[in-house]
Amino acid sequence: MAIDLSLPSEVQALTDRTRSFIRDRVLPLEDAHVGDIAAAGGDTFRVELQQAARDAGVFAPHAPIEYGGHGLGMSDRAPVFEEAGYSLFGPVALNIAAPDEGNVHMLAHIADPEQKEQYLAPLARGEVRSAFAMTEPAPGAGSDPSALATRAVRAEGGWRINGRKWFITGADGAGFFIIMARTSGEPGQRGGATMFLAPASSPGIRVGRHIGTLDRSMIGGHCEVFFEDLSVPDSAVLGEVDRGFEYAQVRLGPARMTHVMRWLGAARRGHDVAVAHVAQRQGFGSRLGDLGMIQKMIADNEIDIAATRALLIRACWELDRGEPAANATSIAKTFAAEAIFRIVDRSVQMCGGLGVSDDLPLARLSREVRPFRIYDGPSEVHRWAIAKRAVGAAKRALREHE
């Protein structure tokens, strides 16, 4: 039976509009500000970009239709997000940048009607930004979420939260926080986490320093955040108490894949720039693009792009079917994070001195995509999980035949 990989006509049309919008409106702005969103104007700039995206009919492709979005599923998001990611500013313009895109997805699936009205609706419309407060300094939660140390305890009328987070993307200027806190058990124990919603203006929330990182395109920085006797009502609980780790999977699998979509667009841009350069640059008696070593790098880029897209399509297909897709998303994320860096790195190499200069976008693309091998789970953790599932399946098969 043939597999149909064609896009629905409305998705193809949205993809085409997104491509035109990014190349005509957004890329010139990114180039003018060398990919630094803070230097471009931060939230003021974001608001202007998002209004332009609304005018172009490409805003919020992932958000539910009732909140002004296009309501696309995971598979249909892929080509649109890839085109948006062709510019480092594109995801911000379409309101599909991390962490807001993942938070929209999670709130749409878990929040109750009142929470959707208070938090999801303004987030989907681009009226506010958000932050997901999970990662903590050692010995707290990082790649191992069971180390969660931030704690929420019962208090009169609700909960009191204390803890320190860091590397919280978008914290500076966020309108609200989704906070992961331990409500039972001890650090190192599985389970016992709960998600809480809190406006950023709540007494007891303090945003600290911006932690300097390689990347410059994520608005609101990567910040330290302190929760100091933060009081929240019972209505602030997102979902149910002690099910926070379970709910996190609703967000993490899809968010890993939307990261792949966006960064694949960035890698494609790097590849396009490099191929255009070597197709006309003369050296050693011919065009660089006619030399075998350059052709190998071009071919390896083409292979990595195609393989990344194929693994992404498979994982999104599983997610759209309502499957956990844990293995498929781990495989796709691990391969993509490394392949995308390879693609950009080869592109830098093909362009020589220009590749590491601000005259081309390759240096900034390299700086942006390198952290993806750490964000959303380091490659080593995903490899461990993939291997653990494979060994577990083999053990079960052996037991069945005993």
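Reading the values: rules and limits
Residues numbered from 1 in each chain as written. Predicted model: local features only at pLDDT ≥ 70, side-chain atom pairs only at ≥ 80, totals over all residues. Heavy atoms only, no water. UniProt positions renumbered as here; feature names shortened; annotations may be inferred. Helix = DSSP H or I, 4+ residues; strand = E, 2+ residues; numbered from the N terminus. Polar contact = N/O pair within 3.5 Å; in protein donor to acceptor, adjacent residues only side chain to side chain. Contact = heavy atoms within 4.5 Å. Pairing = 2+ DSSP bridges. Expected span 1.5 Å × (residues − 1). Buried < 20%, exposed > 50% of the residue type's maximum accessible area, 1.4 Å probe, protein only. Arc of directions from axis to C-beta. Core = buried A, V, L, I, M, F, W, Y, C linked by side-chain atoms within 4.5 Å. 1 Å grid on protein atoms, 1.4 Å probe; cavity = no way out; pocket = protein on both sides within 12 Å on 5 of 7 lines; lining within 4 Å. Points joined across faces, edges and corners; volume = space filled by probe spheres on them. Nonpolar A, V, L, I, M, F, W, Y, C, P; charged D, E, K, R; others polar. Phe/Tyr/Trp six-rings, centres within 6.5 Å; stacked < 30°, edge-to-face > 60°. Lys NZ or Arg CZ within 6 Å of the ring centre and 35° of its normal.

**A few points about the UniProt feature "domain: Acyl-CoA dehydrogenase/oxidase C-terminal" (unreviewed entry) in the chain**
Cross-referencing UniProt, the feature "domain: Acyl-CoA dehydrogenase/oxidase C-terminal" (unreviewed entry) maps to residues 242-390 in the present numbering. End C-alpha to end C-alpha, residues 242-390 measures 29 Å, and it is 77% helix and 3% strand.

**Some details on the UniProt feature "domain: Acyl-CoA dehydrogenase/oxidase N-terminal" (unreviewed entry) in the chain**
On the UniProt side, "domain: Acyl-CoA dehydrogenase/oxidase N-terminal" (unreviewed entry) is annotated at positions that read residues 10-127 here. End C-alpha atoms of residues 10-127 are separated by 26 Å, and the span's content is 69% helix alongside 0% strand.

**Quick notes on the side chain of Asp376**
Tracing the chain through its elements places Asp376 in the loop between α12 (362-369) and α13 (379-400). There is a polar contact of 3.4 Å between the side chain of Asp376 and the side chain of His259. Excluding anything up to four places from it in sequence, Asp376 contacts Ala255, Arg256, His259, Lys333 and His382.

**Quick look at unusual backbone geometry**
Note that the residue after Ala98, namely Pro99, is joined by a cis bond; omega there is 0°. Position of Pro99 relative to the elements: it lies in the loop between α5 (90-94) and α6 (100-110). Here the amide bond leading from Ala138 into Pro139 is cis, since omega sits at 10°, within 30 degrees of zero. Secondary-structure assignment places Pro139 in the loop between β1 (130-133) and β2 (151-155). Look at Phe284: it is not a glycine, yet its phi comes out positive at around 60°. You can see Phe284 is positioned in the loop between β9 (282-283) and β10 (286-287).

**Some thoughts on the pairing of strand β7 (residues 222-233)**
As defined by bridge partners, strand β3 (residues 158-169) adjoins β7 across 9 bridges and the pair is classed as antiparallel. In the sheet register, Arg160 faces β7, and the bridge partner there is Ser231. Across 4 bridges, the pairing between strand β6 (residues 205-210) and β7 is antiparallel. Residue pairing for β7: His210 is matched across the bridge by Cys223.

**Details of α13**
Since the α-helix turns once every 3.6 residues, residues separated by three or four places project in the same direction. Look at α13: 32 Å from first C-alpha to last across 22 residues, which is about the 32 Å you get at 1.5 Å a residue. Regarding α13, the residues found buried are Ser379, His382, Ala385 and Gly392. Within α13, the buried residues cover an arc of 165° as seen down the axis, which keeps them to one side. Pointing more than 90 degrees away from the buried face of α13 are the exposed residues Glu380, Trp384 and Leu398. Those residues of α13 hidden inside the fold are in contact with α8 (244-280) and α10 (326-350).

**Comments concerning the nonpolar core**
Residues Leu94, Leu107 and Met257 are the most contacted members of the largest nonpolar core, which totals 93 residues. Examining the composition of this core, we find that 13 residues originate from one element, α8, more than from any other. The contacts of Leu94, once residues within four sequence positions are left out, are Thr18, Phe21, Ile22, Ala53, Val58, Phe59, Ala60, Pro61, Val80 and Ala84. In this structure, Ala131, Ile168, Ala174 and Phe177 belong to the second largest nonpolar core, which totals 21 residues.

**Some details on the layout of surface pockets**
Of the voids in this model, the second largest pocket is the one considered here, and its volume is about 630 Å³. Counting residues per element, the ones that place at least two in the lining of the second largest pocket are α1 (9-32), α4 (74-85) and α9 (292-320). In terms of residues, the lining of the second largest pocket owes the most to one element, α9, which gives 7 residues. Counted by class, the lining of the second largest pocket contains 11 nonpolar, 4 polar and 8 charged residues.

**A word on empty space enclosed by the protein**
One pass over the full model with this rule turns up 2 cavities of 30 Å³ or more. Put simply, the largest cavity is a space of about 140 Å³. Leu88, Pro91, Ser217, Arg262 and Trp263 are the residues nearest the centre of the largest cavity, which is lined by 13 residues in total. Listed by contribution, the elements that provide at least two residues to the lining of the largest cavity are α5 and α8. At 4 residues, α8 tops the list of elements feeding residues into the lining of the largest cavity.

**Notes on the packing of aromatic side chains**
With the rule as written, the count across this model stands at 5 aromatic pairs. The ring of Phe59 has Arg54 sitting right over it, with the charged end atom 4.3 Å from the ring centre. Arg206 extends its terminal NZ or CZ atom over the ring of Phe226, reaching a point 4.2 Å from the ring centre.

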